Amino acid sequence: MSTTTTPFTFRPLDPLRDAELLHRWVTHPKAVYWMMQDARLEDVERAYMEIAADEHHHALLGLGEDGEPAFLMEYYDPAHRELAGLYEPEPGDVGMHFLTPATDTPVHGFTKAVITAVVARLFEDPAARRIVVEPDVGNKAVHALNEAVGFVPVREIRKPEKTALLSYCTRERFEQAVAAG
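Residues numbered from 1 in each chain as written. Predicted model: local features only at pLDDT ≥ 70, side-chain atom pairs only at ≥ 80, totals over all residues. Heavy atoms only, no water.

(A) Quick look at the confidence of the model for the protein chain. Of the residues in the protein chain, 97% have a pLDDT of 70 or more, and the chain-wide mean is 92. Highest mean pLDDT in the protein chain belongs to strand β5 (residues 130-133) (97); lowest belongs to helix α2 (residues 41-52) (93). (pLDDT = per-residue confidence, 0-100. Helix = DSSP H or I, 4+ residues; strand = E, 2+ residues; numbered from the N terminus.)

Listed below in structure tokens is the structure:
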């Protein structure tokens, strides 16, 4: 088990209470890869109510040291959501997305700390053997972050909404990447 510590804690996302915050985050131009640029508040509420009701998909808010929401994390069973039929799932696979909100005062290293915390959180579950991600092939910033925490690109896959870079990260690769700094 990873001994990574982070300044973040997590809480389940409340689709109604958190909708306005999420709406600001997902409709910001920086969140273009989240594909909700034109979403109305009601669309965001509905989308996250669907996730809350889905046994194969979950959403959490990452909270900063001050207890305030700092980022969004989603995780899902890729055999049933997002990647169903697009790759060969293995026991212990967990799919993941994360979103850091746009800010006028960026903090160096924040997004790397977020992805590190997200992956560490997923590997807290002993059943999780491999994290699977499918970011847009054009999202070079997230590819670099994924690589920094141990993800290895596998291949491009075609999804209805995008061409994605399927990548995997095992617990061992994550721990090696974190140890290497």
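Now that the structure has been shown, the text picks up again.
(B) Region of the structure containing the packing of aromatic side chains. Enumeration according to the criterion identifies 5 aromatic pairs in this entry. Ring geometry for Phe8 and Phe71: centres 5.0 Å apart, planes at 85 degrees, overall edge-to-face. Here the residue Phe8 occupies a position in the segment before β1 (9-12), and Phe71 occupies one in strand β3 (residues 69-76), the gap between them amounting to 63 residues. Among the residues examined, Phe8 registers a relative accessible area of 10% and is labelled buried. Ring geometry for Phe123 and Phe174: centres 6.0 Å apart, planes at 40 degrees, overall tilted. One end of the pair, Phe123, is in helix α3 (residues 110-123); the other, Phe174, is in helix α5 (residues 171-180), with 51 residues separating them in the sequence. (Phe/Tyr/Trp six-rings, centres within 6.5 Å; stacked < 30°, edge-to-face > 60°. Buried < 20%, exposed > 50% of the residue type's maximum accessible area, 1.4 Å probe, protein only.)

(C) The layout of surface pockets, seen in detail. The volume enclosed by the largest pocket comes to roughly 830 Å³. Elements represented by at least two residues in the lining of the largest pocket include exactly α2, β4 (93-99) and α4 (140-148). Considering only residue class, the lining of the largest pocket consists of 16 nonpolar, 6 polar and 10 charged. (1 Å grid on protein atoms, 1.4 Å probe; cavity = no way out; pocket = protein on both sides within 12 Å on 5 of 7 lines; lining within 4 Å. Points joined across faces, edges and corners; volume = space filled by probe spheres on them. Nonpolar A, V, L, I, M, F, W, Y, C, P; charged D, E, K, R; others polar.)

(D) Spatial organisation of the environment of His23. In this structure, His23 sits in helix α1 (residues 19-27). On a C-alpha basis, the gap between His23 and Pro91 in space is 34 Å, while along the polypeptide they are 68 residues apart. For His23, the residues in contact, after removing those within four places along its chain, are Ala39, Arg40, Leu41 and Val44. (Contact = heavy atoms within 4.5 Å.)

(E) The packing of α3 against α4, seen in detail. Where α3 contacts α4, the axes come no closer than 10 Å and their chain directions differ by 55 degrees. Judged by the inter-axis angle, α3 sits oblique to α4. In terms of crossing hand, the pair formed by α3 and α4 is right-handed. Contacts from Thr111, Lys112 and Ile115 of α3 reach α4 at Leu145, Asn146 and Ala148. For the contact of α3 with α4, the per-class residue count stands at 3 nonpolar, 2 polar and 1 charged. (Axes fitted to C-alpha atoms, helices over the stretch in contact; angles between N-to-C directions. Parallel < 35°, antiparallel > 145°, perpendicular 65-115°, else oblique. Left-handed = near helix turned anticlockwise from the far one by under 90°.)

(F) Focus on the sheet that holds strand β6 (residues 152-159). Read across the open sheet, the 7 strands follow the order β1-β2-β3-β4-β5-β7-β6; overall the sheet is mixed. Taken across any chain shown, the strands that pair with only one partner, and hence form the sheet edges, are β1 and β6. Adjacent strand axes in the sheet meet at a mean angle of 30 degrees when their direction is disregarded. In terms of strand pairing, strand β2 (residues 57-63) meets β3 through 7 bridges, oriented antiparallel. Counted as the bridge partner of Gly62 is Phe71 from β3. (Pairing = 2+ DSSP bridges.)

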